[in-house]
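Here is what each chain is made of, one letter per residue.
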Amino acid sequence: MSLMPNVNPSILRWARETAGLTPEEAVQKLDINDARGVAASDRLVALESGDEQPTRAMLVKMAKQYRRPLLTFYLRDIPSRGDRGEDFRTLPEPVGQTEAGLVDAVVRDIRARQALVRSSLEAAGEAQRLDFIGSMTRGDGVAAVVNSIEQTLRFDRDAFRGKAQLQGSFAYLRALTEAVGIFVILVDNLGSWHTTISVETFRGFALADDVAPFVAVNANDSPGAWSFTLVHELAHLWIGATGVSGGTAERAIEKFCNDVAGEFLLPRNEIVGLEINEETPLASAMERITEFAQARNISSTMVAYKLHRAGAFSFERFQQFKAAYRRAFLARKAAEKEKSAEKEGGPTYHVVRKHRVGTTLIRFVERMMHDGNLSTTKAGKVLGVGAHNVHALLEQGRPNHSV
């Protein structure tokens, strides 16, 4: 009988922290209870300090809750940080290991889902290279990249602006994007509100694979920002730069992708009439920008960013606009949540999941399962749900279902 190898306790702590879990949250997810007069949190500390060895059953739980392969816990040393992409910025000082761990966990999850999609396409003999991925460089300039994306997607700006709501404009842009072979998903957390992903650290992620490219957009952002983030990530794909986009815009690649998104949704010549500068009172400027943005179904923050990039005011002034619009959005969101709490019902779990993953990915999964290229378990991984929810979600995604 062979003995089970010892586990490096530092890896246990590293895996928990990079999963974005505090000790208190971890003991709940792992079902660690007080025992023999020892508090649950102290029992976890004992495991992470090496005073106790975890059982295999506990390691299996950790692998599931920390989203790590079981073999990770038997490594000699802590693995090096996974590739987040070229443009991932250092997180702001107040952001701790937990927040950074959430971003890493999101990136790992998206990479795993994308790998399953690509392998399914290969198994079905449908893996075809998408020529537009990595087809351009920043040296080609903003206008050239914007023109290429517009032509590839067959984007109609008037149609985009003609939708009834911001969500409708995003849905239109998302449909065009998915029609050319790019999978677009909305992410909000890692399965519970405890792991909600803040827009300050994660706005979007582009995985520039030339067969099954993925774009993830943070659903916790405002609907007006979804479209901007989507086009920003498309710019990443066009220049072949896999990476995470966060809440600031300081590095060259971020500025370039922001400029592409800004010009795509709002050509520079349209803001000429907005006579707003550094001296314009904030409240007055915000009102004018908001009115201008609403008429075009775009983000007010994006309009402010365009004005900044055009030289109307400093980056510090733009940050003031950004913070004010963010506060206004959170206030509206809180009011809507309170109002909806007073009503009975609301969207079901499967309706919400359908919106998050999109009907294109749902139909893809259904077709691959039908042809035997995806198991139910793997289908659940791609869709971000448990295997027991797969068939209900597939049913929700069929054309005869409406939200």
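Provided above is the structure to which this section pertains.
### Some thoughts on the sheet that holds strand β3 (residues 214-218)
Read from one edge to the other, the open sheet built from 4 strands follows the order β1-β3-β2-β4, with strand pairing classed as mixed. Strands with a single pairing partner mark the edges of an open sheet, and in this sheet they are β1 (183-187) and β4 (243-245). Adjacent strand axes in the sheet meet at a mean angle of 15°, parallel and antiparallel pairs treated alike. Note: strand β2 (residues 204-207) against β4, 3 bridges, orientation antiparallel. Among the inter-strand pairings, A206 is bridged to a residue of β4, identified as G243.

### Quick word on the packing of aromatic side chains
The description of an aromatic ring pair uses the distance of the two centres, along with the angle that the planes make with each other. For the structure shown, the criterion picks out 10 aromatic pairs. Centroid distance F132 to W238: 4.6 Å. Interplanar angle 15°. Geometry classified as stacked. Residue F132 is found in the loop between α5 (97-123) and α6 (142-153), and its partner W238 is found in helix α9 (residues 223-238); the two are separated by 106 residues along the sequence. Relative to F214, the ring of F183 has its centre 5.4 Å away and its plane inclined at 35°; by these criteria the two rings are tilted. Placement of the pair is F183 in strand β1 and F214 in strand β3, with a sequence separation of 31 residues. Take F183: its relative accessible area is 8%, and that puts it in the buried class. An aromatic cluster is defined as three or more aromatic residues linked by ring pairs; in this entry it consists of F155, F160, Y172 and F264. One Lys or Arg, R296, reaches over the ring of F292 and ends 3.7 Å from the middle of that ring.

Criteria and thresholds
- Residues numbered from 1 in each chain as written.
- Predicted model: local features only at pLDDT ≥ 70, side-chain atom pairs only at ≥ 80, totals over all residues.
- Heavy atoms only, no water.
- Pairing = 2+ DSSP bridges.
- Helix = DSSP H or I, 4+ residues; strand = E, 2+ residues; numbered from the N terminus.
- Axes fitted to C-alpha atoms, helices over the stretch in contact; angles between N-to-C directions.
- Phe/Tyr/Trp six-rings, centres within 6.5 Å; stacked < 30°, edge-to-face > 60°.
- Buried < 20%, exposed > 50% of the residue type's maximum accessible area, 1.4 Å probe, protein only.
- Lys NZ or Arg CZ within 6 Å of the ring centre and 35° of its normal.

Remember that the coordinates give geometry; whether it matters functionally is a separate question.
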